[in-house]
Amino acid sequence: MANKVHVETTLNGEAVEFLCEPRQSLLEVLRDVLGFTGTKEGCLTGDCGACSVILDGRISCSCLVLGVEAQGKNIQTVEGLAQADKLHPLQQKFLEHAALQCGICTPGFLVAAKALLDRNPNPTEHEVRYGLAGNLCRCTGYDKIVRAVLDAAAVMQGR
Amino acid sequence: MEVQEHKFKVIGTRPIRHDGVDKVTGRAKYGADISLPGMLHGRVLRSPHAHARIKSIDTSAALALPGVKAVLTSEDFPKLAAGVVAMGELPMNPRYLSMNLMAQDKVLYDGHAVAAVAATSSHIAEEAVKLIKVEYELLPHVQNVLDAMKDNAPILLPELRTSGTPEKSDKETNIASQLRFARGDLEAGFKAAAVVVEHEFDTAMVHQGYIEPHNAVAQYNTDGQTTIWTSTQGAFTARDQCALALDIPASSIKVVPAEIGGGFGGKIGIYLEPLALLLSKKTGKPVKLIMSRADVLRATGPTSGSHIRVKMGANKAGKITAAQVWMAYEAGAFPGSPVGAGCMTALAPYDLENLQIDGFDVLVNKPKTAAYRAPGSTNAAMGTETVVDELAEKLGIDPLEFRRINGAKEGTAQPAGPKFPRIGFLETVEAIKNSPHYQSPQPKSGKGKLKGRGVASGFWFNAGFQSSATVNINTDGTASVVTGSTDIGGTRASCAMIAAEVLGLKAEEVHPVVADTESIGHTDMTGGSRVTFATGYAVYEAAQDAVNQLKQRAATLWKAKPEEVVYQDGAVSRTTNGNESMTLKELAGKLPRAGGPVAGRASVNPRGVGPAFATHVVDVEVDPETGKVEILRYTATQDVGKAVHPSYVEGQMQGAVAQGVGWALNEEYFYDEKGTLRNAGFLDYRMPTCLDLPMIETILVEVPNPGHPIGVRGVGEVPIIPPPAAIANAIYRAVGVRMTELPMSPPRLCKAIAEKSAKK
Ligand code: FES
Ligand code: FES
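Please read these numbers as outputs of a predicted model, since none were measured by experiment.

Considerations on the overall build of chain B
- Regarding its fold elements, chain B presents 20 helices and 29 strands.
- Relative to the compact-globule value of 27 Å for 760 residues, chain B shows a C-alpha radius of gyration of 27 Å, a close match.
- Across the 760 residues of chain B, 64% fall into the buried class.
- In chain B, the proportion of contacts linking residues at least 24 apart, taken out of those at least 6 apart, comes to 79%.
- Accessible surface for chain B amounts to roughly 27,000 Å². Of this, 50% is attributable to carbon and sulfur atoms.
- In chain B, the 79 positive side-chain charges and the 80 negative ones have mean positions that sit 2 Å from each other.

Digging into helix α16 (residues 531-558) of chain B
- Given a rise of 1.5 Å per residue, 28 residues ought to cover 40 Å, and the 39 Å separating the end C-alpha atoms of α16 of chain B matches this to within 8%.
- Backbone geometry just downstream of α16 of chain B places Lys-559 of chain B in the positive-phi region, at approximately 50 degrees.

What to know about the domain arrangement of chain A
All names here are of chain A.
- In terms of domain boundaries, chain A breaks down into domain 1 (5-80) and domain 2 (89-156).
- The interface of domain 1 with domain 2 comprises 13 residues on the first partner and 13 residues on the second.
- Taking both sides of the interface into account, the surface hidden between domain 1 and domain 2 amounts to around 970 Å²; carbon and sulfur atoms contribute 65%.
- One can count 0 salt bridges joining domain 1 with domain 2.
- The element that contributes the greatest number of residues to the side of domain 1 that touches domain 2 is strand β3 (residues 52-55), accounting for 3 residues.

Considerations on the pattern of salt bridges
All names here are of chain B.
- For the structure shown, the criterion picks out 52 salt bridges over all chains.
- For Arg-17, the salt bridge is made with Asp-19, and the minimal N-O distance between the two is 3.0 Å.
- Exposure remark for Arg-17: the relative accessible area of 2% places this residue in the buried category.
- With a relative accessible area of 6%, Asp-19 lands in the buried category.
- Between Arg-492 and Asp-19 there is a salt bridge whose closest N-O contact spans 3.1 Å. Separated by 473 residues along the polypeptide, Arg-492 in helix α15 (residues 491-503) and Asp-19 in the segment before α1 (20-25) bring together distant segments of the chain. Comparing Arg-492 with Asp-19, the two get one shared label, buried.
- Salt bridges linked by common partners bring Arg-17, Asp-19, Lys-23, Glu-259, Asp-487 and Arg-492 together as one network.

A closer look at the sheet that holds strand β6 (residues 106-107) of chain B
All names here are of chain B.
- Spatially, β6-β2-β8 is the arrangement adopted by the 3 strands of the open sheet, whose pairing is antiparallel. Looking along the sheet, the strands with just one partner apiece sit at the ends: β6 and β8 (133-138).
- Sheet topology places strand β2 (residues 52-58) next to β6; 2 bridges connect them, and they run antiparallel. In the sheet register, Ala-52 faces β6, and the bridge partner there is Val-107.

Remarks on the domain arrangement of chain B
Residues and elements named next belong to chain B.
- Domain boundaries in chain B define domain 1 (5-28 + 464-604), domain 2 (34-139 + 214-290) and domain 3 (306-462 + 609-759).
- Put simply, the middle of domain 2 and the middle of domain 3, counted by C-alpha atoms, are 36 Å apart.
- Residue-level contacts link 15 residues of domain 2 with 16 residues of domain 3.
- With both chains or domains summed, domain 2 and domain 3 bury close to 1,200 Å², and 63% of this area falls on carbon and sulfur atoms.
- Counting every contact that joins domain 2 to domain 3 gives 0 salt bridges.

Conventions adopted
Residues numbered from 1 in each chain as written. Chains lettered and ligands numbered in written order. Predicted model: local features only at pLDDT ≥ 70, side-chain atom pairs only at ≥ 80, totals over all residues. Heavy atoms only, no water. Helix = DSSP H or I, 4+ residues; strand = E, 2+ residues; numbered from the N terminus. Rg over C-alpha atoms; globule rule 2.2 N^0.38 Å. Buried < 20%, exposed > 50% of the residue type's maximum accessible area, 1.4 Å probe, protein only. Contact = heavy atoms within 4.5 Å. Areas by Shrake-Rupley, 256 points an atom, 1.4 Å probe, with all protein chains shown as cover. Lys, Arg positive; Asp, Glu negative; His and termini not counted. Charge placed at Lys NZ, Arg CZ, Asp CG, Glu CD. Expected span 1.5 Å × (residues − 1). Domains from an automatic or database assignment. Buried area = accessible area lost by both parts, 1.4 Å probe. Salt bridge = Lys/Arg side-chain N within 4 Å of Asp/Glu carboxyl O. Pairing = 2+ DSSP bridges.

Below is the structure:
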């Protein structure tokens, strides 16, 4: 049995500690060690964005980050988007615009869109497409996803 | 059957889907999210060779690795006799199924499963598969469909004989089957033509590309019962296939369908489920298997590459006088390419007197192909729809007008013979003609930026098949709908909406549930664009059954005859003997005194399947220096019958267009000379991102299907058919070259442009 490392981190605003093998990715730790299965696996090579998390404010593929690298970091996942009884405007707009079909890409898109809007609260259609180009969706053709993000941005800006 | 369109209150609205909150919060449980106490993790060892004999497998080092609990090889599978059994309406060959799950004496493609391991962690399982020693004797391989048809080609399955030949042959072959549709007088037809166009086409093997890799968790119990959790397009289909492959009773398996992260046809077959079952049986523990992306590309899906010859002629008036198509489709390592569907759909949008269509199903050393959205039809349409475009061009007729002249209508004989019922092909042509997109000025080429517009059409049969549904009335007067159809893209919502329509409830007041194989009657797979049609049909009937029971209960309370009770807008009333009425809510509370709970049930195998047609228009810009094609504008129109939830119908069309664009421009399986797949990852198997696409405009044409109580036709598949041909036709308008290969990738386009300017 490989030696496990003790890691302290912040997950969706809560202090969390866990033990993990040095070879385990952050994605594996989130899903298999901590039980946060909202973050999805699509490729493990950084090419699909299904595993997107926000790491210290930056969008990251959690399949390309080691669990031990989470030490002292701030991680946001899809599970942290909604507030108690209220969906995040992005979640609400994804539902209203039917921006998901199978839904496997949805957590990654929501997290990537959140990171985009944190950085650029008023994106153009092209900026949304550019900001989400690291996420693959095979079901929707992206049309309704882009519309949902633009609409969520408008709502968050009070427009 | 009367379609009462104007009366709909719920059908045609856009409620929020019932499983939506689970899916935007990360709570929905997909197969990979299932975890059981004491669960082991498995990995599969796959062949690195395209064709080789397995001389020996030594698993001892793997078994000796601490943490490894079991190793599986083909020795653990029952040896099954050849032969075909009918599974639902799909023919299944259990021996080939088993040979694909785990290679027996030979590996037949790069990625073919050879062994599997279960260990206490996925990392240990991964180390263990590397310790399995397999001795191979390399055999010559064949991956090109025309080469595989030659007399001296390397043979994949020595026992295979061609079916469908006029005379029985006892020759070894890679041609699994052949078929022909013919009518009229081809020669006379071509003689009558003013213009004849003929081309040969090659299309590459492509993958469905669902984002969720295949997965399975199995728990075998000592009583012989197994539960399998898996992301599948059909829980019953998965169960039946497992039973066939392992030669055990279907009733010894319960399949619990997890949420499914895309399938497009690729998750109808099974790959991991029986392996997980056998590993669980060997270890006594639950076992979970998940494919890597490379495994998904190397060993699952894809759909056939193909070689297609098309020759068509038309007279001066623009009437097609003769059409001849010859197509050979890659089956992969085992029989079963969609060439039959290719033959039946290729020319179906047109009314033809003289035609001949030949199809060949050909084994090659590539993964066994699986269904992919209107399987077989997109390849064929790339050939026929670009030739149609050229005929129209040569005759100086607008391509939409050409379709109006030749288009199939109710009563037109399909290439395969049967006459079309009421269809909406010409309505889609008309809708494109009147669309803002087609009405807008042709895109203008600028310096170094060449632009063009193209159109193409497509046809898909859609499927019926078996479905069951239960509609339960809750004590508060709401309802639940239970079906066996896994929900890939919003069918929980459409089923709930159909029940709500019948019961006079709001969509939100009906809760849809997808049940496991022990909790609902048999239901065939989610595929063939059939769920809202066939399962929706069962839901409609089950809801009617519930209404009849509610009327009876009300009659009991009122001491009246059931015929005297009317059910309308969510309330019962009776007109005779005074005006009594009760809302469903009130009645639901009184059911214990009125004869008991109400559970409506129905099982169907509907025959009134409504064929689907689509017509698309696209504007492209070609950079002649790099060969890159950009999609500037795209409009898709389709006869959808009746759109139950229009947003999800549009979504099907938009998603299919995106897949079609990938198929047209980028996606292809790339094998090296050794027969190894060189692009088994999303970096090199390049699917469209949102930066590659514009918004995709949709126009829903509603020609109700007379074979369905709500007029529903399937919508999911047909929109993938037109894109490659429409884009090829647009590229022609932009740069003047007729592309005959898919994908029309930058190097191929550059080459074609260079050849054209060399000819000048
Ligand atoms: S799983 Fe991390 S990018 Fe695909
Ligand atoms: S909704 Fe299925 S991959 Fe995006």
